[in-house]
Amino acid sequence: MTQPSLSPGSADVLLFDLGRVVLDIDFGKVMTTWAGHAGCEPGELATRFAMDESYRHHEVGKIDDAAFFASLRQSLGIGISDAQFLEGWNAIFAGEMPGIAEHLARAKTRLPLYAFSNTNPPHIEHFSTAYSDVLGHFRQIFFSSTIGLRKPDADAYDYVIKAIGAPASRIVFFDDSAENIRGARAMGLTAIHVTSPDDVTNALLALGI
């Protein structure tokens, strides 16, 4: 995917996804934890897990944690408790992405920083405490489960653009999902597809940050 051309002064706002852009995630840790409680192999669960309707509804606040875990209990075919599901669900976070804390600390002295994440209440509660330092660089974080809208839907980007109050073309958006990048570009955002930490580094350098 071709990256947009950036130059010093070409952005008024920086907008970041969280997963695999700010916070590293490891879905294997989720499966390992659940499998340990269920007495099965992680690979078995990985083949059954799907980002299905229940997953998406959980991310926009249409169903609560108990309903989501009940759906997982059925789709994965395991009988673990809600507490055990929650333990595994929050095991997904594997630390900060390399160099991102330094990038954000420097960038916020030049431009306002915001974040926009497709995520759910248990994850928000967990990472808001565990990663409070790095997340503290953002003026505001838009969560799909709070606003009731998720990427890559046009309405989600429209909501965030209006809330930030800057022209879409002057907002540089960083996301690891090609689908989300396409959706963002369709709404006029200057979107950087993050496939490695170097993509963030290079974009900031091009912006003179």
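Undergrad: Mind laying out the side chain of His193, listing which residues take part and the relevant values?
TA: Here His193 shows up in strand S7 (residues 190-193). Exposure remark for His193: the relative accessible area of 14% places this residue in the buried category. At 3.0 Å, the side chain of His193 forms a polar contact with the backbone oxygen of Asp176. Discounting residues that sit within four places of it in the chain, His193 has contacts with Met1, Gln3, Asp175, Asp176, Ser177, Ala178, Ile181 and Asp199.

Undergrad: Provide a residue-level description of the pattern of salt bridges, including the pertinent values.
TA: Inspection of the entire model under this criterion finds 7 salt bridges. With a shortest N-O distance of 3.2 Å, Arg48 and Glu44 are connected by a salt bridge. Here Arg48 pairs with Glu44, and both are found in helix H2 (residues 42-48), just 4 residues apart, close to one helical turn. A relative accessible area of 35% means that Arg48 is categorised as partly exposed. A relative accessible area of 33% places Glu44 in the partly exposed class. A salt bridge links Lys151 to Asp175, with the shortest nitrogen-to-oxygen separation between them at 2.9 Å. Within this pair, whereas Lys151 is found in the loop between helix H9 (144-147) and helix H10 (154-164), its partner Asp175 is found in strand S6 (residues 171-175), the two being separated by 24 residues in sequence. With respect to class, Lys151 is no different from Asp175; both count as buried. One connected set of salt bridges, linked through shared partners, spans Asp17, Lys151 and Asp175.

Undergrad: Can you lay out the layout of surface pockets for me, pointing to particular residues and giving the numbers?
TA: In this structure, the largest pocket spans a volume of roughly 610 Å³. The set of elements that each furnish at least two residues to the lining of the largest pocket consists of strand S2 (23-25), helix H3 (53-59), helix H7 (121-130) and helix H11 (178-186). Among the elements that line the lining of the largest pocket, the one with the most residues is H3, at 3 residues.

Undergrad: Explain the nonpolar core residue by residue, including any values.
TA: In terms of nonpolar packing, the biggest core is built from 49 residues, with Leu14, Phe16, Val22, Trp34, Phe127, Phe138 and Phe174 touching the most fellow members. If we skip the residues at most four places from it in the chain, Phe138 touches Phe16, Leu18, Val22, Leu104, Leu113, Tyr114 and Ala115. Within the second largest apolar cluster, 19 residues are counted, among which are Leu15, Ile147, Ala156 and Leu189.

Undergrad: Please provide a residue-by-residue account of the packing of helix H1 (residues 27-38) against helix H5 (residues 82-90), values included.
TA: It is at 7 Å that the axes of H1 and H5 come closest, and there the two elements cross at 155°. Classified by the angle between their axes, H1 and H5 sit roughly antiparallel to one another. Where H1 crosses over H5, the two elements pack in a sense that is right-handed. Between H1, through Phe27, Val30, Thr33, Trp34 and His37, and H5, the contact on the second element is made entirely by Gln84, Phe85, Glu87, Gly88 and Trp89. A per-class count over the contact of H1 with H5 returns 5 nonpolar, 4 polar and 1 charged.

Undergrad: For the pairing of strand S4 (residues 113-117), give the residues involved together with the corresponding values.
TA: Every regular strand shows the same layout, with side chains that alternate between the two sheet faces. Burial within S4 is extensive, with 5 of its 5 residues counted as buried. Where burial is concerned, the two faces of S4 agree: the one with Leu113, Ala115 and Ser117 and the one with Tyr114 and Phe116 are both buried. Summarising the sheet, S4 and strand S5 (residues 140-143) pair through 4 bridges and their orientation is parallel. Across the sheet, the residue bridging to Phe116 is Phe142, located in S5.

Undergrad: So what's going on with the sheet that holds S4? Which residues, and what values?
TA: Pairing is parallel in the open sheet, where 5 strands are placed in the order S5-S4-S1-S6-S7. Edge positions in the open sheet fall to S5 and S7, since each of these has one partner strand only. The sheet shows a mean angle of 20° between the axes of neighbouring strands, direction not considered.

Parameters at a glance
Residues numbered from 1 in each chain as written. Predicted model: local features only at pLDDT ≥ 70, side-chain atom pairs only at ≥ 80, totals over all residues. Heavy atoms only, no water. Helix = DSSP H or I, 4+ residues; strand = E, 2+ residues; numbered from the N terminus. Buried < 20%, exposed > 50% of the residue type's maximum accessible area, 1.4 Å probe, protein only. Polar contact = N/O pair within 3.5 Å; in protein donor to acceptor, adjacent residues only side chain to side chain. Contact = heavy atoms within 4.5 Å. Salt bridge = Lys/Arg side-chain N within 4 Å of Asp/Glu carboxyl O. 1 Å grid on protein atoms, 1.4 Å probe; cavity = no way out; pocket = protein on both sides within 12 Å on 5 of 7 lines; lining within 4 Å. Points joined across faces, edges and corners; volume = space filled by probe spheres on them. Core = buried A, V, L, I, M, F, W, Y, C linked by side-chain atoms within 4.5 Å. Axes fitted to C-alpha atoms, helices over the stretch in contact; angles between N-to-C directions. Parallel < 35°, antiparallel > 145°, perpendicular 65-115°, else oblique. Left-handed = near helix turned anticlockwise from the far one by under 90°. Nonpolar A, V, L, I, M, F, W, Y, C, P; charged D, E, K, R; others polar. Pairing = 2+ DSSP bridges.

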